[in-house]
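# Structural overview
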Amino acid sequence: MKFFIDTANLDEIREAHDLGVLDGVTTNPSLMAKEGITGDANIKAHYKAICKIVEDKVSAEVIATDYEGMVREGKELAKLDDKIVVKIPMIRDGVKAIRYFHSEGIRTNCTLIFSSGQALLAAKAGASYVSPFIGRLDDIAIDGLDLIAQIVHIYQNFGYETEVLAASVRHTMHLIKCAELGADVVTCPLKVITGLLKHPLTDAGLAQFLADHAKAASK
Ligand code: G3P
């Protein structure tokens, strides 16, 4: 399973990368705005800075919502670095843009997926990744993990190469459940990844080992 970090914060990306388990980064316009990154040139420079930190797979989202605009913006983003994956929303023109990028060998991440039908469309268009937003479904009392299970099942039925990238992952149990269900990737905040480290018996066991070692050494 791949771990992506869902942020545009360079310090957090560095910290996740230093941990040695990071496979990629996802951003979106809200995450870029949260870091105060505005204006075309600054946004592009920020994507380049992210690409310098990680080995591959940096999702950069288009703002346009029409086919021509998405193709133009997506091409510009893809030109910034080979690591860029163009993020396209699940709308009618988005499906067409994904097909275009697929034919050009440019990777895409189809975002704002909330149903298995949308995920099927994205796979047929040739998306490299689909991003079902599980936390936002949970927010409205629809089980987001059920959607992951459905999409994994459908993709397995037909051998689609599109990877299931679970997004809007809010906590460590989301991540574990996505792993059990066979999602190819999770993207989440750093604290969800570091949450995997924690177990009180690990802390207690280590404290005991160190105490026993110190006791024996002082004899
Ligand atoms: O990857 C999608 C993510 O950024 C949305 O997360 O927590 O705003 O639903 P959230």
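Residues numbered from 1 in each chain as written. Predicted model: local features only at pLDDT ≥ 70, side-chain atom pairs only at ≥ 80, totals over all residues. Heavy atoms only, no water.

What follows deals with the packing of helix α5 (residues 92-103) against helix α6 (residues 116-125). Their axes nearest at 8 Å, the elements α5 and α6 cross at an angle of 30°. Considered as vectors, α5 and α6 are oriented roughly parallel to each other. Residues Val95, Ile98, Arg99 and His102 of α5 touch α6, and the partners they reach there are Leu121, Ala122, Lys124 and Ala125. Residues that form the contact of α5 with α6 fall into these classes: five nonpolar, one polar and two charged. (Axes fitted to C-alpha atoms, helices over the stretch in contact; angles between N-to-C directions. Helix = DSSP H or I, 4+ residues; strand = E, 2+ residues; numbered from the N terminus. Parallel < 35°, antiparallel > 145°, perpendicular 65-115°, else oblique. Contact = heavy atoms within 4.5 Å. Nonpolar A, V, L, I, M, F, W, Y, C, P; charged D, E, K, R; others polar.)

Once that is clear, we can look at the packing of aromatic side chains. One pass over the structure, following the stated rule, counts five aromatic pairs. Here tyrosine 155 and tyrosine 160 contribute two aromatic rings whose centre-to-centre distance is 5.7 Å and whose plane-to-plane angle is 75°, an arrangement assigned as edge-to-face. On the numbers, 6.0 Å between centres and 50° between planes, the contact of phenylalanine 158 with tyrosine 160 is tilted. Looking at tyrosine 160, the relative accessible area reads 25%, which means it is partly exposed. By way of ring pairs, the aromatic residues Tyr155, Phe158 and Tyr160 are connected into one cluster. (Phe/Tyr/Trp six-rings, centres within 6.5 Å; stacked < 30°, edge-to-face > 60°. Buried < 20%, exposed > 50% of the residue type's maximum accessible area, 1.4 Å probe, protein only.)

The next thing to look at is the side chain of threonine 27. Following the sequence through the fold, threonine 27 ends up in the loop between β2 (24-26) and α2 (29-34). A polar contact is formed between the side chain of threonine 27 and the backbone oxygen of serine 59, at a distance of 2.7 Å. The contacts of threonine 27, once residues within four sequence positions are left out, are Thr7, Ala8, Met32, Tyr47, Ile50, Ser59, Ala60, Glu61 and Lys87. (Polar contact = N/O pair within 3.5 Å; in protein donor to acceptor, adjacent residues only side chain to side chain.)

Bringing the site of the ligand into the picture now. Lining the immediate surroundings of the ligand are Asp6, Asn28, Leu31, Phe133, Arg136, Ala167, Ser168, Arg170 and Thr187. Within the side chain of aspartate 6, one N or O atom sits 2.6 Å away from an oxygen atom of the ligand. Arginine 170 places a side-chain nitrogen or oxygen 2.8 Å from an oxygen atom of the ligand. Protein chains shield 80% of the accessible area of the ligand, which is 310 Å² for the free molecule. (Near = heavy atom within 4 Å. Areas by Shrake-Rupley, 256 points an atom, 1.4 Å probe, with all protein chains shown as cover.)

Distances and angles like these do not, on their own, reveal function.
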